[in-house]
Amino acid sequence: MEPFRYERADDVGGALATIAHAPGAKFLGGGTNLVDLMRLGVERPAVLVDVSRLPYDRIDAGEGGSLHIGAGVRNSDLAADLRVRTRYPMLAQAVLSGASGQLRNLATTGGNLLQRTRCPYFQDVTKPCNKREPGTGCPAREGEHRNLAVLGHSEHCVATHPSDLAVALAALDAVVHVVGPGGGRTIPLVELHRLPGDEPERDTVLEPDELIVAVDVPALGFAERSLYRKVRERASFSFALVSVAAALDVADGKVRDARIAFGGVAHKPWRAFAAEESLRGASADERSFAKAADAELKQAQPLRDNGYKVPLARNALVRALLELA
Amino acid sequence: MAELAAVTLTINGEPYSLELDTRTSLLDLLREELGLTGAKKGCDHGQCGACTVLLDGRRANACLLLAVALDGAEVVTIEGLAQNWSLHPLQAAFVEHDAFQCGYCTPGQICSAVGMLDELERGWPSYVTRDVSSQPRLDGDEIRERMSGNICRCGAYPNIVAAVEDVA
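Because the structure is a prediction, the values reported are computed rather than measured.

Considering the overall build of chain B
Item 1. Tallying secondary structure elements over chain B gives 5 helices and 5 strands in all.
Item 2. In sequence order, chain B lays out its α and β elements as β-β-α-β-β-β-α-α-α-α.
Item 3. Here the C-alpha radius of gyration of chain B, 16 Å, is about what a compact globule of 168 residues would show, namely 15 Å.
Item 4. The burial tally for chain B puts 45% of its 168 residues in the buried class.
Item 5. For chain B, long-range pairs separated by at least 24 residues make up 58% of all intrachain contacts whose partners lie at least 6 apart in sequence.

Below, the structure is given as structure tokens:
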């Protein structure tokens, strides 16, 4: 690991001032991904600004049943919160499906959203990778890409975003609160992460000197009937091949409304707007669910070895909706 | 050139004030500087759980923690679990159930199980809890899911589950 200076931020102003004056500095939250990437040589920050002690460790109730989740709330505490578990089961399940008990005790809400891809080429500094070193190429396109993207990828990058939490938040229309040198701004979660295009080195729309301080989850009554289903190569402690976050509002056998997002299929959590549109007003049955899945997945462009993800995503969504209907 | 930073923390009840290379992980501090070699280095990437310790009462991977970030923390390792020369109930249960073969993962397994049972006590659900809003009840599936961050290459899992179930 390269040497770095360690600075503990006591307040957000101090954190922003430190990062503004230290080129190559990075914020440190739980460190479960960043410290690992530093050990691998993928990340080489000159300075770490520890923001884990800033007062963003609470979950507060907002208007009409919404929740305001501090960026420093640990993954375990988020999943254990009774309001999260009753109002947004998909959110608790998504967090609980990720990593291990030990890691969830350390990992933060903000850090989870900003974790980097687990694409094997990105994590191996002896290999080319446009995300790690722009312009060096993407060996994954012709190489080992069984676990990589089928939606929204580019010739420059076929990585997937690894977060489960972000998938549930995308489905729930969450909003991310950010502070930076110019003040604060809010970003809908579905716009936080980018598709790779020709700048795969940028995972999100954030600037390096911007800090996530909170995530708002708006009230959504029918999210009480929601779930997160994750398909992976082993039963636990593994990243998603495909995952689905879904909430379904059914009355008299008809779908009134739905919220759906896929994980493990793209460079960002994939909100399935076309599937939701297809479901509204449709009968709550397997045929409509399959049609909705197809409406979303017709844009898929699988690579040589990951075509299996398309029917897997379709079947996972149909099964999730049948469970909810 | 190495950068240094000061940190004060408690390990197994003993206070320490240290000046450390900022790159030092808690695991390397324990093993290389303080001679507490109970916590093991398996993967050094947070994937195997052999380094699991209790940080402010919660299980955590010591390999991914930067020691200098732990100012004020209370760390308990496998060496700190026994009280007055009497084994912690989970240590005794691992012996009773022969819940290991080579023993390399055992300190991490036991610290993880201590933290896990405390999480259960607080009513935390897991991914296999059928109704995530309900109070979870421990069974074999719950133990396997909750202990999935600890790998045992000898495959002592059945006896590990039995030992944990015995204490729960």
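Comments concerning the environment of Ala2(B)
Item 1. Structurally, the position occupied by Ala2(B) is in the segment before strand 1 (4-11).
Item 2. When the C-alpha positions of Ala2(B) and Leu65(B) are compared, they lie 18 Å apart, and in sequence the two are 63 residues distant.
Item 3. Residue contacts for Ala2(B): discarding those within four places in its chain leaves Pro3(A) and Asp21(B).

With respect to the interface of chain A and chain B
Item 1. In this complex, chain A contributes 30 residues to the contact, which on the side of chain B involves 34 residues.
Item 2. Residue assignment for the side of chain A that touches chain B shows that the elements contributing at least two residues are strand 1 (5-8), helix 2 (34-40), helix 3 (75-80), helix 4 (82-87), helix 5 (89-96) and helix 6 (101-106) of chain A.
Item 3. No other element matches helix 6 of chain A, which puts 5 residues into the side of chain A that touches chain B.
Item 4. Looking at side-chain class alone, the side of chain A that touches chain B contains 14 nonpolar, 11 polar and 5 charged residues.

Notes on the domain arrangement of chain A
Item 1. Along its sequence, chain A is organised into domain 1 (1-53) and domain 2 (227-324).
Item 2. Taking only C-alpha atoms into account, the centre of domain 1 of chain A sits 37 Å from that of domain 2 of chain A.

Notes on the sheet that holds strand 1 of chain A
Residues and elements named next belong to chain A.
Item 1. Strand order across the open sheet formed by 3 strands is 1-3-2, with parallel pairing between neighbours. A single partner strand is all that each edge strand has here, and the edge strands are strand 1 and strand 2 (25-28). The average undirected angle you get between the axes of adjacent strands in this sheet is 25°.
Item 2. As paired strands, strand 2 and strand 3 (residues 47-50) are joined by 4 bridges and run parallel to one another.

Comments concerning the sheet that holds strand 7 (residues 183-188) of chain A
Residue and element names in this part refer to chain A.
Item 1. Pairing is antiparallel in the open sheet, where 5 strands are placed in the order 4-5-8-6-7. Of all strands in the sheet, those with a lone pairing partner are strand 4 (59-61) and strand 7, marking the two edges. Sheet twist, expressed as the average angle between the axes of neighbouring strands with direction ignored, equals 20°.
Item 2. Note that strand 6 (residues 175-180) and strand 8 (residues 211-217) share 5 bridges and pair antiparallel. Bridge assignment links Val175 to a residue of strand 8, and that residue is Asp216.
Item 3. Running at roughly 130° to strand 8, helix 1 (residues 12-20) makes contact with strand 6 and strand 8 of the sheet.

Some points on the packing of helix 11 (residues 286-297) of chain A against helix 12 (residues 309-324) of chain A
Residue and element names in this part refer to chain A.
Item 1. It is the contact of helix 11 with helix 12, at a shortest axis distance of 9 Å, that shows an interaxial angle of 140°. As far as their axial angle goes, helix 12 and helix 11 are oblique. The handedness of the crossing between helix 11 and helix 12 is right-handed. Residues Glu286, Phe289, Ala290, Ala293, Asp294 and Leu297 of helix 11 pack against Val310, Ala313, Arg314, Leu317, Val318, Leu321 and Leu322 of helix 12.
Item 2. Partitioning the contact of helix 11 with helix 12 into residue classes produces 10 nonpolar, no polar and 3 charged.

Cut-off values and rules
Residues numbered from 1 in each chain as written. Chains lettered and ligands numbered in written order. Predicted model: local features only at pLDDT ≥ 70, side-chain atom pairs only at ≥ 80, totals over all residues. Helix = DSSP H or I, 4+ residues; strand = E, 2+ residues; numbered from the N terminus. Rg over C-alpha atoms; globule rule 2.2 N^0.38 Å. Buried ≥ 20, exposed ≤ 12 C-beta atoms within 10 Å, placed from the backbone. Contact = placed C-beta atoms within 7 Å. Nonpolar A, V, L, I, M, F, W, Y, C, P; charged D, E, K, R; others polar. Domains from an automatic or database assignment. Pairing = 2+ DSSP bridges. Axes fitted to C-alpha atoms, helices over the stretch in contact; angles between N-to-C directions. Parallel < 35°, antiparallel > 145°, perpendicular 65-115°, else oblique. Left-handed = near helix turned anticlockwise from the far one by under 90°.

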